[in-house]
Amino acid sequence: MSKEKIDVARSWIDFHYSSPSSKKYEDNFWAFDFLSDSCEEDPDYCLGVIEEIVGLDSSDFILANVAAGPLEDLIVSHGDDVFDKIEVAARDSPKYRKMLGGVWENNIPDKLWEKIKKYHQMEPFKLL
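What you are looking at is a predicted structure, and each value in this text was computed from that prediction instead of being measured.

(A) Representation of the environment of Asp 33 in the model. Here Asp 33 shows up in helix α2 (residues 23-41). The partly exposed category is assigned to Asp 33, whose relative accessible area is 37%. The sequence separation of Asp 33 and Glu 87 amounts to 54 residues, and the corresponding C-alpha distance is 25 Å.

(B) Broad picture of helix α3 (residues 43-56). Taking 1.5 Å per residue, 14 residues should reach 20 Å; α3 reaches 20 Å between its end C-alpha atoms and fits that length. For α3, the buried fraction is high: 10 of the 14 residues fall into the buried class. Along α3, the residues that are buried comprise Pro 43, Tyr 45, Cys 46, Leu 47, Gly 48, Val 49, Ile 50, Glu 52, Ile 53 and Val 54. On its buried face, α3 sits against α1 (3-17), α2, α4 (60-92) and α5 (94-101).

(C) View of the packing of aromatic side chains. Taken as a whole and judged by the stated rule, the model has eight aromatic pairs. A ring pair is formed by Trp 30 and Phe 34, whose centres lie 6.3 Å apart and whose planes are at 55 degrees; its orientation type is tilted. Of this pair, Trp 30 and Phe 34 both sit in helix α2, four residues apart, which is roughly one turn of that helix. Counting every residue linked through ring pairs, the aromatic cluster contains Phe 15, Tyr 25, Phe 29 and Phe 32.

(D) View of the side chain of Asp 57. Here Asp 57 shows up in the loop between α3 and α4. For the buried Asp 57, no salt bridge exists, and the shortest N-O distance to an oppositely charged side chain is 8.9 Å, to Lys 95. Within the structure, the side chain of Asp 57 is placed 2.8 Å from the side chain of Ser 59, a separation counted as a polar contact. Excluding anything up to four places from it in sequence, Asp 57 contacts Ile 13, Tyr 17 and Ile 62.

(E) Focus on α2. Counted at 1.5 Å a residue, the expected span for α2 with its 19 residues is 27 Å, and the 28 Å between its end C-alpha atoms agrees. Taking the largest bend as the criterion, α2 deviates by roughly 35 degrees, centred on Phe 29. Taken residue by residue, α2 has Asn 28, Ala 31, Leu 35, Ser 38 and Cys 39 as its buried positions. Tucked inside the fold, the buried residues of α2 contact α1, α3 and α4.

Cut-offs applied
- Residues numbered from 1 in each chain as written.
- Predicted model: local features only at pLDDT ≥ 70, side-chain atom pairs only at ≥ 80, totals over all residues.
- Heavy atoms only, no water.
- Helix = DSSP H or I, 4+ residues; strand = E, 2+ residues; numbered from the N terminus.
- Buried < 20%, exposed > 50% of the residue type's maximum accessible area, 1.4 Å probe, protein only.
- Expected span 1.5 Å × (residues − 1).
- Contact = heavy atoms within 4.5 Å.
- Phe/Tyr/Trp six-rings, centres within 6.5 Å; stacked < 30°, edge-to-face > 60°.
- Lys, Arg positive; Asp, Glu negative; His and termini not counted.
- Salt bridge = Lys/Arg side-chain N within 4 Å of Asp/Glu carboxyl O.
- Polar contact = N/O pair within 3.5 Å; in protein donor to acceptor, adjacent residues only side chain to side chain.
- Bend = angle between axes of the 7 residues up to and from the residue.

In structure tokens:
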């Protein structure tokens, strides 16, 4: 992967571990914003950053934030284009299966939501 994707992933992770009133939070907010925009504008790039995030930190806390954040946004915006890639990753990776189980219905097209619902039966996140 590219250094840029790794930098985005690291800053996105740091942002999520930061207190909202901290300098670290402010310094890394750009990554949250950038990844949100990428979900809309460049689905393949977004998916690449998600892969980097999961590779760097696969804690339940981060997987849950990816699931209900960029992964969900990506499926809402470009599910027809990227869902096959996501499902292939889920077949090969318990981390991806777990993330798909954390995606909320939102405005996901019905045909994709039917595929995602089976992942909701899997092991829940342990966030405490």
